[in-house]
Structures are given as C-alpha cells and as structure tokens.
Amino acid sequence: MEGYIVKNTAFMVFAAAVFVSCQPAHTDRPAAVPGVPAFTLFSEDVKDGDALDAVFTCDGKNVPPGLKWSGEPEGTKSFALILEDPDAPMGNFTHWIVVDIPAGVHSLERAGKFPAPSRELKNSFGESGYGGPCPPSGTHRYIFTLYALSAARLEGSQPSIPKLMLAKAALTSRYARR
C-alpha cells in the first residue's frame, strides 16, 4: 500500500507541474517572440512594472524619460524604439516611434534627442515625436520596446520592423491621470 501512495503522489506532483507549465503566464510584460533573443533595456526614470512619473506625461512636462540598453546581438546595425499603450479604448495607441538609431548609441538622456540619422515617425496623435501618456480614464500600461535591427536605415514612414528584428527589449510602466 505504501508503494502505491508514493507512486500516486509522485504522479500527482508530475501532473500538477505539467498543468501549471502549460498555462499562459499572467504578466503585463509583452510576450517573448519565439526565436527572437532579448537584450536589456533599463532606466533610472522608468522602473519596470511601476507607475510612470507624471513629468513624462501630458500632466507634466511631456518629455521622454532617459533610457539605456545593452547586450544587443552581434550584427545589430540600428535600433528602433516604440512606446505603446495597449489599453487605449480604440486599441493599441502609439505614443512614440524613433527609427534609424545608430548601433553605437546605447542611451537616451531624459528629454534628449537622438543623433543623426535617427528620425521620429508620426505617432497616433498624428505628430512626429514624443506624445506622453494621457489616458482618458483608468490606469493604462505603457510599453517601451527597443528593437535591435539588421539594417542601418529603415525605408518609408511605416517600416517593417519585424522582418529586420534581431532582438528586442522592453520596459512596462503604468499611468493613471489624477
């Protein structure tokens, strides 16, 4: 009888582990892209998972936070940065797009500008540049995603980043208006 209990207990533990590992992760972070390695994006201004300081929003100075990155894969020729709100009422809202960031650049100072040939594309506000978080109601997530790309320059106003992506890094913050 004792051997039966041990075998049954071992089976139950194994079955529970398999069940848990098959469940979707409950996280606010963007899902990893299969086959796309990650690298590191960090900031003294944005702590992953924490509330975003109002200075970076429409309620403050509406300036971009400082960002730093490292660990991109060999062969990276440029970076692209996108800030999105996946909780916007009409679907994903893009607050900021910067492309053609040179591979040798590894930081952005608070309210800083990127070096040439970087360029800011139109966001969902219809303007080029940074449009800080400004949710109409409730708490929204704001995801800063940096892509390491295999091309030095992207063509067009809406370049195809996924086709050129070598790796990506992300930080998620939250903001609710007062």
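What you see is a predicted model, and the numbers here were worked out from it, not measured in a lab. (Residues numbered from 1 in each chain as written. Predicted model: local features only at pLDDT ≥ 70, side-chain atom pairs only at ≥ 80, totals over all residues. Heavy atoms only, no water.)

A tally of regular secondary structure across the protein gives two helices and eight strands. Buried residues in the protein amount to 37% of all 178 residues. Counted over contacts in the protein with a minimum sequence separation of 6, partners at least 24 positions apart contribute 69%. On the protein, roughly 10,200 Å² of surface is accessible, and the fraction owed to carbon and sulfur atoms is 57%. (Helix = DSSP H or I, 4+ residues; strand = E, 2+ residues; numbered from the N terminus. Buried < 20%, exposed > 50% of the residue type's maximum accessible area, 1.4 Å probe, protein only. Contact = heavy atoms within 4.5 Å. Areas by Shrake-Rupley, 256 points an atom, 1.4 Å probe, with all protein chains shown as cover.)

On to the state of the cysteines, then. In total, this model carries one disulfide according to the counting rule given. Shown here is the disulfide that connects cysteine 58 with cysteine 134, its sulfur atoms set 2.1 Å apart. Across the S-S bond linking cysteine 58 and cysteine 134, the dihedral sits near 80°, which makes this disulfide right-handed. With cysteine 58 in the loop between β1 (40-42) and β2 (67-70) and cysteine 134 in the loop between β6 (119-120) and β7 (139-149), this residue pair connects regions lying 76 residues apart in the sequence. (Disulfide = S-S within 2.5 Å.)

Next up on the list: the pattern of salt bridges. Taken as a whole and judged by the stated rule, the model has six salt bridges. Arginine 119 is the partner of aspartate 100 in a salt bridge, and the nearest nitrogen-oxygen pair spans 2.8 Å. Residue aspartate 100 is found in strand β4 (residues 93-102), and its partner arginine 119 is found in strand β6; the two are separated by 19 residues along the sequence. The salt bridge involving arginine 153 is made with aspartate 100; its shortest N-O contact spans 3.3 Å. Residue arginine 153 is found in the loop between β7 and α2 (161-164), and its partner aspartate 100 is found in strand β4; the two are separated by 53 residues along the sequence. Taking relative accessible area as the criterion, aspartate 100 reaches 0% and is therefore assigned buried. (Salt bridge = Lys/Arg side-chain N within 4 Å of Asp/Glu carboxyl O.)

Ranked by size, the top nonpolar core spans 28 residues in total, and within it Phe39, Leu41, Trp69, Leu81, Trp96, Ile101 and Phe114 carry the most contacts. Where this core is concerned, the elements lending two or more residues are β2, β3 (78-85), β4, β7 and β8 (165-176). Aside from chain neighbours lying at most four places away, what touches isoleucine 101 is Trp69, Ser78, Phe79, Ala80, Leu81, Phe114 and Ser118. In this structure, Ile82, Val99, Tyr147 and Met165 belong to the second largest nonpolar core, which totals 10 residues. (Core = buried A, V, L, I, M, F, W, Y, C linked by side-chain atoms within 4.5 Å.)

A few words on the sheet that holds β2. Strand order in the open sheet formed by three strands is β1-β2-β5, and the pairing between neighbours is antiparallel. Edge positions in the sheet fall to β1 and β5 (107-108), since each of these pairs with one other strand and no more. Both β1 and β2 contribute to a ladder of three bridges, which runs antiparallel. Within β2, the position partnered with threonine 40 by the bridge is serine 70. (Pairing = 2+ DSSP bridges.)

Our focus in this paragraph is the sheet that holds β4. Judged by pairing direction, the sheet is antiparallel, and its five strands sit side by side in the order β6-β4-β3-β7-β8 without closing on themselves. Edge positions in the open sheet fall to β6 and β8, since each of these has one partner strand only. Direction of pairing for β4 relative to β6: antiparallel, over a ladder of two bridges. When the bridges of β6 are listed, valine 99 appears paired with arginine 119.

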